[in-house]
Structures are given as structure tokens and as C-alpha cells.
Amino acid sequence: MDFPKRRPRTVEIQPEMENLEKLYFTNISMYRLPPMSEVSIQEFEEMVLDRLRLLRILEHSTLKEFKPYSNEWRDFVLTELNVAGLKGYVRLIQGASGQKESVLQARRRDYISHFLLRLAYCRSQDLRRWFVTRETELFRLKFMHLSPDGVSEFLKVHDLKYNEMTAKEKDYFKASIASCTFSGSVASVENGKYFKVPFASVPDLVTTGRCYLYRGVAFVSANDIVSIVSTDFKKILEDGLQALTKIISEVDNDERVYHIIKNLHKSYIGRDYATGAAGSVSLHQIDDLSKKSFPLCMRIMHEHLRSTHTMKHDGRLQYGLFLKAIGLSLEDALRFWQEEFTRLIPVDAFQKKYRYNIRYNYGKEGKYKDFSAYGCRKIIDTFPTPPQVHGCPFRNLKEARLRDKLLAYGVSRAHAEEITGIAKIGNFQEACKRYFEISHDVQLALSFTHPNKYFEESQVVIRNRKRDKSEPVKIKTESERLLDDDAKLWEDPSNDPDVKLPDPLMTQTQDPAQITMDWENAF
């Protein structure tokens, strides 16, 4: 009996995969040309949120005491990315090679999500500046993992050519380069490769003394070429964002896209504080909790309400949703607001004007939607005017007024000066974190991204101290908490339920003097 010869097995290459190999052939890109591919609305939203998480982790890393672009900085970022579940970006940063589908899909999402975020961050100078800074940090983080051969290949692929020092120039300047930089000996300069670039294009090297300057020209070692390349990268981004501003109105005509990107920068992407454990906080506890566990923004609002018996609409939203998320029931909320407001107005006026809005926030009227408490980003970007008292006090209060408030709340003068100094340079969330550390006598690893997170951490400290006053209190970082048994934490509501992935939010760097509200008469 004749049997047909067995043919060798062949691996069929899917057309889609083959196309990905051609389009996204490297882990690091200059993002010169926009992608020409289709994505669903669901994938669109997933991509922009994932990349936003990535950029916020990078921003949060700048608050740590790491040397810029050091190994410690890199390890911190990679750890936080892994904890946040952004493993595709970790693969690209660590230089994953080959043509595996996971790597190709990570490259695809990286490339497309960059351009999608441009749609949200081209809209103002502040947004463009923030986006370019974060994307440049990501670019340099990827570049750090390139081998010498990888750097050469990258320059070749992207047609990046820089003026190299001639042998004659190197012989003339070698002694100066060796003595004025960290290049080592004259021999190491002779054996190394150096480029000539305008000094303004490498400000980081000028500041740290890692290049030699001569008549406006910087002589840069090939080991520091990332500074040169990143300058070109920033220029490409800035030009692309500027060009996009001219056509962004056409993009906004698509309501599906506009709905996702319009307030993306202000969005909170951590735990959803739409509801708390209803009834876990009772009406009679609020005054005591406001002194022990409320963040400064909420404590100020509570005191204002107690003293004036009124609050504007935006303040009621910010404070009311916060109380809802810590566990104040709808019945107690109605009673709480009514008791205060009816000191100035009749009960029937309160019922007619305010009752509906309170029930609306609890999802009992209108759209029947459970509204979430405001995150730090939204609060920071709120600009109240007297007599309004909502927003972030670390941003909106004048320096003297903020200092007086801190002193009135028991903070020492030295610590009050420290906190106001942090707020003065625009690190509002870091100032809030420092206020927590001082008032609770603990150390935290991460800044707060949500007022309700502040409240929860405070309650953890208080519970731990009640349980064992002899042991020093240790607050777990988000990364450490994620290693706990999530199921057990959720099964037992008496435990701290917050095991959500870390979500470092943007800390405002805008000069607080730009929009400083006069709250002198608001209290």
C-alpha cells in the first residue's frame, strides 16, 4: 500500500500579524506619522486610559527623591507599572524583542494610544507642556534599555544624523573635555565618540556638567546621545500638537470621541467612590471625624457649613458626594443638610430647593445614577470665588491664610511653613500628603489621589493605634497591599477594602499665583 509522503509542517503567518510587523517594527518610536488603522470605541477608551495611567505613574515618580533617569527611578517606575497591570508597556521599556504577538500588540497599542492622547492634550499650553514632559520621560526610559547596537539601529531607522567631532577637533579639545566633564582621562576622550550640537538643545547636560561648551557649541559624548535625540523627539511632539490644534474642532464633531477626551486630563481613574458602606458613618460622628480624618479641603468646608449654615451648589456637590462615599446614608444626609440650612430658611423652602438635589446625588432622582465623589484632580482644577469654599485649599488659599489654617488645626509653625512651601511650588497633593503625615505621625509612600482615600488611610491609622498602641504604625504602600489576599479583604468588610491598583495622579505644577483666590472673607 502506498502512503503519501508527509509534508513538513509550515507555520501560517496571519496577514494581520505580518502587517503589524511592518507597521510596528521597534519598541521605541519618534511618532512622526499618525497611525492608519481602525479601533473600536471600547478599545479607544481602554488605550487612552492605560496610557494616561502610565504617564501619571511617570509624573508621580518625579515626586520621589530619585536622581533623574537613575536606576532607582527606573526600577520604581517598572514596579509601579507591573502593579498597575501595564505589562505591555513594561515589555517595551525593557526591550522585548522578537515577533511574538504580545510584543507586536504592545507596540501597536503604544503607537496608537500616543496619538489618541494628543487629541486630549493639544488644547492648551499647560496640557501640551505636561504631555510633552511625560512622553519625553517615557522615551528616555525606553532609550535607557537600548544596547549600543540598538542605539545605532535606532538612529539608522529614524534617519537621525548628528555632526561628529573630527579627529583634529578632538585632538584640540581633548584636554578641556577631560577636565571639564566626567569623561575621565584624555585617553578615554581620544577613544570615545563625540557630537557637536547647540548647547540649548542639551540643557540637562549643561546643568549637570556632562558636556564641554565652546562658543555656544556643546561637545557631547555618544554615551549621552539620548539627550540629543530626546530634544528632537520633543520638537516633533511640540510641532505635532501645535498642528493638531488647527483641526481639533473637526475631531470634536464626533461626539463619541469628544465624550472620551474632553475631560480626560481631569479624570480620576482610581477606585470608584460612587458609594460607601451606607450607614457606616452616622450623623453624630461627622464633627469628630472632620477633625481626625477629613482632608483639609473637606474639613474647611465642614467648618464653613457649621458656622454659616449655608453652602453654594458646587460646594454642596463636592462635600455631599464625599460624605456619601464615606458611608453617610441618604436619610442622614437629608437630615444633616436640613438641620444646617433651616437655621436660615424655612423647612418648606429647603424641601423645595435642596431636597431633590441631595436625592439626585444618591441616584434616587433624575437619571438614577450613583454619582462618584470628586477626585483630587477635579478638585484642584476648580476655581471658586468668595464666598465659595470648595476646591483645594493648598492651591486656592493665599500663603498666609493657609499657614493660619494649619496653625489653627494644631500643626506646628515649622511644619506649617514646610507645608505651605510645598504648596507654593505647585505640589498640592504632596502638601496634602505631608499634612496627613504630620497630623497622624506616620510616613506614607504615595501622595493621595482622592479625598476619600485620605479618609480611609486615616481610619486605618486610628484603628491600628487602638488595636495596639505599643507598636509603631506602618502604612502599607499600594504595591504592598496588592500582594495581600484580595478575596479575604473583600469578604470581611471590617478590613480595609482598598486594594485598587495604584493610580498616581497629576500633581499640579502650575504657578499657584496665576489663579489665587481671595478667601479672606469666606470663613
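As a reminder, the structure under discussion sits directly above these lines.
Here the structure is a predicted model, which means the values were calculated and not measured.

**Section: the environment of D224**
- When you line up the elements, D224 lands in the loop between β4 (217-221) and α11 (225-244).
- The exposure class assigned to D224 is buried, which follows from its relative accessible area of 10%.
- Separated by 29 residues in the primary sequence, D224 and F195 have C-alpha atoms spaced 9.7 Å apart.
- If near-sequence neighbours (up to four positions away) are discounted, D224 is found in contact with L205 and R210.

**A closer look at the side chain of R434**
- Relative to the helices and strands, R434 is located in helix α24 (residues 428-440).
- A distance of 2.7 Å separates the side chain of R434 from the side chain of E418, its partner in a polar contact.
- At 3.1 Å, the side chain of R434 forms a polar contact with the side chain of E437.

**Remarks on helix α15 (residues 296-308)**
- Counted at 1.5 Å a residue, the expected span for α15 with its 13 residues is 18 Å, and the 18 Å between its end C-alpha atoms agrees.
- Taken as a whole, α15 has its buried residues at L296, C297, M298, R299, I300, M301, H302, H304 and L305.
- Residue H309 follows α15 closely and has a positive phi angle near 60°.

**Section: the pairing of β4**
- Of all five residues in β4, four are buried; the element is thus mostly enclosed.
- Of the pairings in the sheet, the one linking strand β2 (residues 194-198) to β4 comprises five bridges and is antiparallel in character. Looking at β4, one finds that V197 is bridged to A218.
- Two elements, strand β3 (residues 211-214) and β4, share four bridges in a ladder whose sense is antiparallel. Paired with C211 across the two strands is V220, which belongs to β4.
- Between β3 and β4, which pair antiparallel one after the other, the connecting turn spans two residues, and R215 there sits at a positive phi close to 50°.

**A short note on the packing of α15 against helix α17 (residues 330-341)**
- At a closest axis distance of 8 Å, the pairing of α15 and α17 adopts a crossing angle of 50°. Between α15 and α17, the angle is such that the two are oblique. Contact with α15, carried on its side by H302, L305 and R306, involves F336, W337, E340 and F341 of α17 and no other residues of that element.
- Here the residues of the contact of α15 with α17 are counted per class, giving four nonpolar, one polar and two charged.

**Things to note about the packing of aromatic side chains**
- With the rule as written, the count across this model stands at 34 aromatic pairs.
- Ring centres 5.3 Å apart and planes at 40° place the aromatic pair Y111 and F115 in the tilted group. In this pair, Y111 and F115 are both assigned in helix α5 (residues 101-121), four residues apart and thus about one turn of the helix distant. For the pair shown, Y111 and F115 are each scored as buried.
- One aromatic cluster is present, formed by F294, Y319, F322, F336, W337, F341, F350, Y354 and F455 through successive ring pairs.
- Positioned above the aromatic ring of Y69, the side-chain terminus of R140 is 4.2 Å from the ring centre.
- Residue placement shows R299 over the ring face of Y409; its charged tip is 3.7 Å from the ring centre.

**Regarding the pattern of salt bridges**
- In total, this model carries 31 salt bridges according to the counting rule given.
- The closest approach of N and O atoms between E59 and R134, which form a salt bridge, is 3.8 Å. Separated by 75 residues along the polypeptide, E59 in helix α2 (residues 41-61) and R134 in helix α6 (residues 125-143) bring together distant segments of the chain. Exposure class is identical for E59 and R134. Each is buried.
- Each of E43, D50, R53, R108 and R109 takes part in one network of salt bridges that share partners.

**What to know about the state of the cysteines**
- Throughout the structure, instances matching the rule amount to zero disulfides.
- Here C432 is not cross-linked by a disulfide; its sulfur's nearest cysteine counterpart is in C376, at 6.1 Å.

Reading the values: the criteria
Residues numbered from 1 in each chain as written. Predicted model: local features only at pLDDT ≥ 70, side-chain atom pairs only at ≥ 80, totals over all residues. Heavy atoms only, no water. Helix = DSSP H or I, 4+ residues; strand = E, 2+ residues; numbered from the N terminus. Buried < 20%, exposed > 50% of the residue type's maximum accessible area, 1.4 Å probe, protein only. Contact = heavy atoms within 4.5 Å. Polar contact = N/O pair within 3.5 Å; in protein donor to acceptor, adjacent residues only side chain to side chain. Expected span 1.5 Å × (residues − 1). Pairing = 2+ DSSP bridges. Axes fitted to C-alpha atoms, helices over the stretch in contact; angles between N-to-C directions. Parallel < 35°, antiparallel > 145°, perpendicular 65-115°, else oblique. Nonpolar A, V, L, I, M, F, W, Y, C, P; charged D, E, K, R; others polar. Phe/Tyr/Trp six-rings, centres within 6.5 Å; stacked < 30°, edge-to-face > 60°. Lys NZ or Arg CZ within 6 Å of the ring centre and 35° of its normal. Salt bridge = Lys/Arg side-chain N within 4 Å of Asp/Glu carboxyl O. Disulfide = S-S within 2.5 Å.

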